Amino acid sequence: MNSETTVTILCGLAILVGVAGTVIPVLPGSILIGASLLAWAIWGGAGTAGWVVFAVAMVFVVAGMAASAVLTGRKLKEHAIPSRSIAAALVAGVVGMFIIPVVGLFVGFAAGLLLGELLRTRNLGRAATSSWAALKATGLGMLAEFGLACLAASTWVIGVWVAAANG
């Protein structure tokens, strides 16, 4: 196996981890995809096609990151959810990850968000409503980033096929 094949396999694995990372917050996401695309363009042996794939796929990566931030941020502002509630949710999510295997991150995040909102609003009904809105906003942002990360990964796969057919 030559070095270009090794680079292609390693980049493919890193892109796969990156796509998963858009949904599983513990793993690196879109940034890992972008770094892998750059590495493949430089060392993957695809030449000009590698750089075209890098450029096209990076449009998807950047769009996914922007969409996630904009969609989530807009919904959080609509529901007037302060950043301290999100910070409490993130801390509780990290703690939950160590307490409850597999689902602790998600359970901890939701519980921390509810607690942060309960402390802020002093009303369980309003806290539950705003927490649910924040969870939906976070999910929508993750879904948008995941979809665009999949498009970036698909672009890379097509680029690998084209490079293999021409190489």
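Quick caveat: nothing in here was measured; it's all calculated off a predicted structure. (Residues numbered from 1 in each chain as written. Predicted model: local features only at pLDDT ≥ 70, side-chain atom pairs only at ≥ 80, totals over all residues. Heavy atoms only, no water.)

### Topic: the environment of Arg126
Part 1 of the reasoning: As for its position among the elements, Arg126 is in helix α6 (residues 124–166).
Part 2 of the reasoning: As for Arg126 and Leu114, which are separated by 12 residues in sequence, their C-alpha atoms are 9.8 Å apart.
Part 3 of the reasoning: Within the local environment of Arg126, its side chain forms a polar contact with the backbone oxygen of Thr121, the two atoms lying 3.3 Å apart. (Helix = DSSP H or I, 4+ residues; strand = E, 2+ residues; numbered from the N terminus. Polar contact = N/O pair within 3.5 Å; in protein donor to acceptor, adjacent residues only side chain to side chain.)

### Some details on the packing of helix α4 (residues 83–99) against helix α5 (residues 104–121)
Part 1 of the reasoning: Their axes nearest at 6 Å, the elements α4 and α5 cross at an angle of 145°. The two elements α4 and α5 cross, and the hand of that crossing is right-handed. Between α4, through Arg84, Ser85, Ile86, Ala88, Ala89, Leu90, Ala92, Gly93, Val94, Gly96 and Met97, and α5, the contact on the second element is made entirely by Gly104, Leu105, Gly108, Phe109, Gly112, Leu113, Gly116, Glu117 and Arg120. (Axes fitted to C-alpha atoms, helices over the stretch in contact; angles between N-to-C directions. Left-handed = near helix turned anticlockwise from the far one by under 90°. Contact = heavy atoms within 4.5 Å.)

### Here we look at unusual backbone geometry
Part 1 of the reasoning: At Ala80, a position not held by glycine, the phi torsion is positive, near 55°.
Part 2 of the reasoning: Relative to the elements of secondary structure, Ala80 occurs in the loop between α3 (48–78) and α4.
Part 3 of the reasoning: At Arg122, a position not held by glycine, the phi torsion is positive, near 60°.
Part 4 of the reasoning: On the secondary structure map, Arg122 appears in the loop between α5 and α6.
Part 5 of the reasoning: The exposure class assigned to Arg122 is exposed, which follows from its relative accessible area of 68%. (Buried < 20%, exposed > 50% of the residue type's maximum accessible area, 1.4 Å probe, protein only.)

### Comments concerning the packing of aromatic side chains
Part 1 of the reasoning: Scanning the model with the defined rule gives two aromatic pairs in all.
Part 2 of the reasoning: Judged by centre distance (6.1 Å) and plane angle (75°), the ring pair of Trp40 and Trp156 falls under edge-to-face. Linking Trp40 in helix α2 (residues 30–43) with Trp156 in helix α6, this pair joins segments that are 116 residues apart in sequence. The same class applies to Trp40 and to Trp156, which are both buried.
Part 3 of the reasoning: A ring pair is formed by Trp51 and Phe54, whose centres lie 5.8 Å apart and whose planes are at 85°; its orientation type is edge-to-face. In this pair, Trp51 and Phe54 both sit in helix α3, three residues apart, roughly one turn of the helix.
Part 4 of the reasoning: Since its relative accessible area comes to 42%, Trp51 is described here as partly exposed. (Phe/Tyr/Trp six-rings, centres within 6.5 Å; stacked < 30°, edge-to-face > 60°.)

### Remarks on the state of the cysteines
Part 1 of the reasoning: A complete count under the given rule lists zero disulfides for this structure.
Part 2 of the reasoning: Unpaired in this structure, Cys11 has its nearest cysteine sulfur neighbour in Cys150, at a distance of 18 Å. (Disulfide = S-S within 2.5 Å.)

### Some thoughts on the pattern of salt bridges
Part 1 of the reasoning: Applying the stated criterion across every chain yields a total of two salt bridges.
Part 2 of the reasoning: Here Lys75 ties to Glu78 by a salt bridge, and the two come within 3.7 Å at their closest N and O atoms. With Lys75 and Glu78 both in helix α3 and three residues apart, this pair spans about one turn of that helix. (Salt bridge = Lys/Arg side-chain N within 4 Å of Asp/Glu carboxyl O.)

### A word on α2
Part 1 of the reasoning: An ideal rise of 1.5 Å per residue puts 20 Å on 14 residues; α2 measures up with 20 Å between its terminal C-alpha atoms.
Part 2 of the reasoning: For α2, the full list of buried residues reads Ser30, Ile33, Gly34, Ser36, Leu37, Ala39, Trp40 and Ala41.
Part 3 of the reasoning: Of the surrounding secondary structure, the elements contacted by the buried residues of α2 are α1 (3–21), α3 and α6.
Part 4 of the reasoning: At the exit of α2 stands Gly45, carrying a positive phi of roughly 80°. (Expected span 1.5 Å × (residues − 1).)

### Some words on the nonpolar core
Part 1 of the reasoning: Among the nonpolar cores identified, the biggest contains 19 residues, and Cys11, Ile15, Val19, Ile33, Leu37, Trp40 and Trp156 are the most heavily contacted of them.
Part 2 of the reasoning: Secondary-structure elements contributing two or more residues to this core are α1, α2, α3 and α6.
Part 3 of the reasoning: Sequence-distant contacts of Trp156, that is, excluding residues within four places in its chain, are made with Thr8, Cys11, Gly12, Ile15, Leu37, Trp40 and Val53.
Part 4 of the reasoning: One finds Leu76, Ile81, Ile86 and Phe109 within the second-largest nonpolar core, a separate group that totals seven residues. (Core = buried A, V, L, I, M, F, W, Y, C linked by side-chain atoms within 4.5 Å.)

By themselves, these are just geometric observations and shouldn't be taken as functional.
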